[in-house]
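Here's the letter readout for the chains.
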Amino acid sequence: MFPRRLVTGPPSAHEDNAEIAEADFSRAAAAGAFPLHWRAHGLGYSIRPDALEEAARGRIVVCNISRRVIEAARRMLPGVHVVAITAAPETLAARLAARDRPEDGDLGARLARAVPAEADATVVNDGERSIATANFVAILLDRAGRR
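Residues numbered from 1 in each chain as written. Predicted model: local features only at pLDDT ≥ 70, side-chain atom pairs only at ≥ 80, totals over all residues. Heavy atoms only, no water.

**Q** So what exactly am I meant to see when it comes to the nonpolar core here?
**A** The nonpolar side chains of soluble globular proteins are, as a tendency, buried together. Within the largest apolar cluster, nine residues are counted, these being Val7, Leu36, Trp38, Ala40, Tyr45, Ile47, Ala51, Val69 and Ala73. Elements with a minimum of two residues in this core: strand S3 (36-40) and strand S4 (43-47). Looking at which element gives the most residues to this core, the answer is S3, with three residues. Contact partners of Tyr45, with chain neighbours within four places excluded, come to Arg5, Leu6, Val7, Glu15, Phe25, Leu36, His37, Trp38 and Ala40. (Core = buried A, V, L, I, M, F, W, Y, C linked by side-chain atoms within 4.5 Å. Buried < 20%, exposed > 50% of the residue type's maximum accessible area, 1.4 Å probe, protein only. Helix = DSSP H or I, 4+ residues; strand = E, 2+ residues; numbered from the N terminus. Contact = heavy atoms within 4.5 Å.)

**Q** How should the pattern of salt bridges be read in this particular structure?
**A** A side chain of one charge can pair with a side chain of the opposite charge if their charged atoms are brought near each other. Applying the stated criterion to the full structure yields nine salt bridges. Here Arg39 and Glu22 are joined by a salt bridge, their closest N and O atoms 2.5 Å apart. Of this pair, Arg39 sits in strand S3 while Glu22 sits in helix H1 (residues 22-30), placing them 17 residues apart in sequence. For Arg39, a relative accessible area of 40% corresponds to the partly exposed category. For Glu22, a relative accessible area of 36% corresponds to the partly exposed category. Taking the shortest distance from any N to any O, the salt bridge between Asp24 and Arg27 comes out at 2.6 Å. Here the residue Asp24 and the residue Arg27 both occupy positions in helix H1, the gap between them amounting to three residues, near one helical turn. Classification of Asp24 as partly exposed rests on a relative accessible area of 37%. (Salt bridge = Lys/Arg side-chain N within 4 Å of Asp/Glu carboxyl O.)

**Q** Quick question: what am I supposed to make of the sheet that holds S4 here?
**A** Working definition: the strands of a sheet are paired by backbone hydrogen bonds and lie parallel or antiparallel to each other. Strand order across the open sheet formed by four strands is S2-S1-S4-S3, with mixed pairing between neighbours. Among the strands making up the open sheet, the edge pair consists of strand S2 (18-19) and S3. Inspection of the sheet shows strand S1 (residues 6-7) paired to S2 by two bridges, in the parallel sense. Looking across to S2, one finds that Val7 is bridged to Glu19. (Pairing = 2+ DSSP bridges.)

**Q** Quick question: what am I supposed to make of the environment of Arg39 here?
**A** For the pair Arg39 and Val7, spaced 32 residues apart in the sequence, the C-alpha separation amounts to 9.4 Å. Aside from chain neighbours lying at most four places away, what touches Arg39 is Glu22, Phe25, Ser26, Gly44 and Arg68. Polar side-chain contacts of Arg39 include one of 2.5 Å to the side chain of Glu22. (Polar contact = N/O pair within 3.5 Å; in protein donor to acceptor, adjacent residues only side chain to side chain.)

**Q** In this structure, what is going on with the environment of Glu71? I would like to understand it.
**A** Within the secondary structure, Glu71 is located in helix H3 (residues 70-76). When the C-alpha positions of Glu71 and Glu118 are compared, they lie 8.4 Å apart, and in sequence the two are 47 residues distant.

**Q** How should H1 be read in this particular structure?
**A** Owing to its 3.6 residues per turn, the α-helix aligns residues three or four sequence positions apart on the same side. Along H1, the residues classified as buried are Phe25, Ala28 and Ala29. Buried residues in H1, looked at end-on, bunch into an arc of 100°, giving them a common side. Seen from the buried face of H1, the exposed residues on the opposite side, beyond 90 degrees, are Arg27 and Ala30. Contact partners of the buried residues in H1: S3 and S4. In the segment just after H1, Gly32 is the residue with positive phi, at about 80°. (Arc of directions from axis to C-beta.)

Next up, the structure:
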């Protein structure tokens, strides 16, 4: 399952999220309606409750989350497996610079935290996309016991 994140901003070329109004996000977060939520880049982000329910049933659920909520995810579901998808520092720097988003902040700081220490596996995505995709699928198949 690849649930779309709820974000208090519109979808873009960089993310196919489901938009949620700021007031609705704040109310739902305060009420505990989201299994995981965080704020970054001036926006609110959350994982939909049905994603946690599916994971609790044993289904593999792939979510794009902030490194700030990794430990919370692991407390909720002991089977959480963190896969960092990254690229060489020069590739990341070029990609971040090309996005030209003020909320990306200091590129040096952003690059320094490219791979979270909590990662269980890493996929390097700085060559052919098909290679990175195959590596990611292999990780998923290993987790599912199908390899």
